[in-house]
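Structural overview for review
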Amino acid sequence: RHPEDHPQIQVVADERSRTMKDNWFDAREALPKNVQPVYWDYYSDSQRGYDTMIKMHKQLKGEVWFAGGAWCWAGFAPLNKLSMRLMKKAMMACRDNRVDNIMMTMWGDDGAECSKVAMLPSLFAISEFAKGNEDMDLIKSKFKRLIGIDFDEFMNIDCPNDVVPYEGRPRN
């Protein structure tokens with residue numbers, strides 16, 4: 001979580017950020033010219049948070065890559081809805097901050113039970129978000145035309161996650 005989302009810790013964060021900024025500039029000087037900063041974030045649920053972190057990474061070097069996540073590492077069922085909700089905000093921040101190099105990760109934690117193919121709806125939607133298309137009706141019709149499967153029917157693959165509602169980090 002980002003300090004600006006929690007006013008009660010803002011005073012501590014302000015003091016800590018002065019130290020972080022000093023260290024940040026030291027890190028920038030030590031960064032080899034052939035190293036490209038990559039901002040990795042799979043968990044943030046705030047466009048402002050993504051925006052802040054992208055700007056901080058751009059202080060290291062003007063060009064920054066973003067690595068987000070298509071959630072397939074929390075069990076056997078994909079988390080397409082969560083992936084789309086989080087990465088839509090990330091893609092908006094990437095567009096606003098002119099981050100052109102974006103990759104989606106799909107980790108195989110805990111036995112890699114989840115099929116990577118099960119992530120197709122979120123990967124497709126995230127690619128559309130990155131291009132500026134946030135119209136889910138249009139995304140769904142493009143998915144059907146290109147993939148040949150109804151988007152909403154494919155999304156039923158997420159249903160094991162809906163049996164027991166989760167707060168915070170999902171588990172299935």
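Here the structure is a predicted model, which is why all the values come from computation and not from measurement.

Glancing now at the nonpolar core. Core analysis: the biggest nonpolar cluster contains 33 residues, and Tyr 50, Phe 66, Trp 71, Met 87 and Met 91 have the highest contact counts within it. When contributions to this core are tallied by element, the ones reaching two or more residues are helix 2 (47-60), helix 3 (80-96), helix 4 (120-130), helix 5 (136-147) and helix 6 (151-155). Top contributing element to this core by residue count: helix 3, with 8 residues. Once residues within four sequence positions are removed from consideration, Met 87 is found in contact with Asp 41, Tyr 42, Tyr 50, Phe 66, Gly 68, Gly 69, Met 104 and Ile 126.

Our focus in this paragraph is helix 5. In this model, helix 5 (12 residues) spans 16 Å end to end at C-alpha, consistent with the 16 Å of a helix rising 1.5 Å per residue. The N-capping residue of helix 5, defined by a side-chain oxygen 3.0 Å from the backbone nitrogen of Asp 137, is Asp 135. Just beyond helix 5, the residue with positive phi is Gly 148, at close to 85°.

With that settled, the discussion passes to the pairing of strand 2 (residues 65-69). Of all 5 residues making up strand 2, 4 are buried, and the element is well covered by its neighbours. One ladder, built from 3 bridges, connects strand 1 (residues 38-40) with strand 2; its direction is parallel. The residue bridging Tyr 39 from the neighbouring strand is Phe 66, located in strand 2. Once you follow strand 1 into helix 2 and on to strand 2, the crossover reads as right-handed. Sheet topology places strand 2 next to strand 3 (residues 101-105); 5 bridges connect them, and they run parallel. Looking at strand 3, one finds that Gly 69 is bridged to Thr 105. As a crossover connection, the stretch from strand 2 through helix 3 into strand 3 is right-handed.

A complete count under the given rule lists 12 aromatic pairs for this structure. A ring pair is formed by Trp 40 and Tyr 42, whose centres lie 6.4 Å apart and whose planes are at 90°; its orientation type is edge-to-face. The interplanar angle of 85° and the centroid separation of 5.2 Å between the aromatic rings of Phe 143 and Phe 151 together place this pair among those described as edge-to-face. Neither Phe 143 nor Phe 151 differs from the other in exposure class; each is buried.

On to unusual backbone geometry, then. Positioned with a positive phi, Arg 98 is a non-glycine residue whose angle comes to about 55°. Of note, Arg 98 is situated in the loop between helix 3 and strand 3. When its relative accessible area of 70% is taken as the criterion, Arg 98 is described as exposed.

With that settled, the discussion passes to the environment of His 57. Tracing the backbone through its elements, the reader meets His 57 in helix 2. Side-chain polar atoms of His 57 contact the backbone oxygen of Met 53, separated by 2.8 Å.

For the chain, the average pLDDT comes to 84, and 80% of its residues sit at 70 or higher. Within the model, pLDDT remains below 50 along residues 1-18, and this stretch shows 14 contacts once partners closer than five positions in the same chain are excluded.

A few words now on the state of the cysteines. Using the criterion set out here, one finds 0 disulfides in the structure. No disulfide involves Cys 114; its sulfur sits 5.2 Å from that of Cys 72, the nearest cysteine. For Cys 114, a relative accessible area of 3% gives the class buried.

Inspection of the secondary structure assignment puts Glu 128 in helix 4. Apart from the residues lying within four places of it in its own chain, the contact partners of Glu 128 are Asn 133, Ile 139 and Lys 142.

The rules behind these values
- Residues numbered from 1 in each chain as written.
- Predicted model: local features only at pLDDT ≥ 70, side-chain atom pairs only at ≥ 80, totals over all residues.
- Heavy atoms only, no water.
- Core = buried A, V, L, I, M, F, W, Y, C linked by side-chain atoms within 4.5 Å.
- Buried < 20%, exposed > 50% of the residue type's maximum accessible area, 1.4 Å probe, protein only.
- Helix = DSSP H or I, 4+ residues; strand = E, 2+ residues; numbered from the N terminus.
- Contact = heavy atoms within 4.5 Å.
- Expected span 1.5 Å × (residues − 1).
- Polar contact = N/O pair within 3.5 Å; in protein donor to acceptor, adjacent residues only side chain to side chain.
- Pairing = 2+ DSSP bridges.
- Right-handed = clockwise from strand over helix to strand, strands pointing away.
- Phe/Tyr/Trp six-rings, centres within 6.5 Å; stacked < 30°, edge-to-face > 60°.
- pLDDT = per-residue confidence, 0-100.
- Disulfide = S-S within 2.5 Å.

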